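Working through the structure, step by step
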Amino acid sequence: MSTTDLERLLYTVRTDFQAEAANIAAFAFPQTKFRLLARRIGSTHAALILPKSQFQLLSSEIGNHNLTIVFKSQNHALENFQANFFPKITTLTLLAYYKDGTANLRYQPANNYDWFNARGYKITRPDSIGEKFELLARKFYPFFEEFFLEQSNHS
């Protein structure tokens, strides 16, 4: 899928796509109304999301057809988070601030979870957001995967 294809797709299906993404977010944040910002990201931006040591190993595989959605709470800034989907490396990341700093959940199929801080060091699952993010990862991954598979079949 080319960059323009993805941009066209996000524009044409934006309402349905964002509505479904917001419905998934409601599993973990049922009382929160989110404003969603979707954009494509390339491998250079992925370095800011994936832990540095892992990015060096994966940079050639990441490509430029990745998706970022920022969920901005209309009420509570602590509920803001970002979802990043990397279809080429079958990885979803969820990032958020919590009481001890920044937490980054890296999820791959078969419930493979790894938690990192902002510097790329592994951390234990944060008490405040850990369970919610692991639930969201299990829900978002198949949704994003289906979205990207559908679009690559139309390209």
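Residues numbered from 1 in each chain as written. Predicted model: local features only at pLDDT ≥ 70, side-chain atom pairs only at ≥ 80, totals over all residues. Heavy atoms only, no water.

A few points about the sheet that holds strand β3 (residues 81-86)
- Strand order across the open sheet formed by 6 strands is β1-β2-β3-β4-β5-β6, with antiparallel pairing between neighbours. In this open sheet, the two edge strands, each paired with only one partner strand, are β1 (34-41) and β6 (112-116). Along the sheet, successive strands turn relative to each other by an average axial angle of 15°, direction set aside.
- Across 5 bridges, strand β2 (residues 66-73) lies against β3 in antiparallel orientation. Residue Phe71 lies in a different strand from β3, and its bridge partner there is Phe81. (Pairing = 2+ DSSP bridges. Helix = DSSP H or I, 4+ residues; strand = E, 2+ residues; numbered from the N terminus. Axes fitted to C-alpha atoms, helices over the stretch in contact; angles between N-to-C directions.)

Quick word on the nonpolar core
- Within the largest apolar cluster, 32 residues are counted, with the highest numbers of intra-cluster contacts made by Phe71, Phe81, Leu94, Phe133, Leu136, Phe140 and Phe144.
- A total of 9 residues in this core trace back to one element, the largest contributor, which is helix α5 (residues 130-154).
- If sequence neighbours within four positions are ignored, Phe140 has contacts with Ala21, Ile24, Ala25, Phe71, Phe81, Leu92 and Leu94.
- Counting 5 residues, the second largest nonpolar core, distinct from the first, contains Ile41, Ala46, Phe86 and Ile89. (Core = buried A, V, L, I, M, F, W, Y, C linked by side-chain atoms within 4.5 Å. Buried < 20%, exposed > 50% of the residue type's maximum accessible area, 1.4 Å probe, protein only. Contact = heavy atoms within 4.5 Å.)

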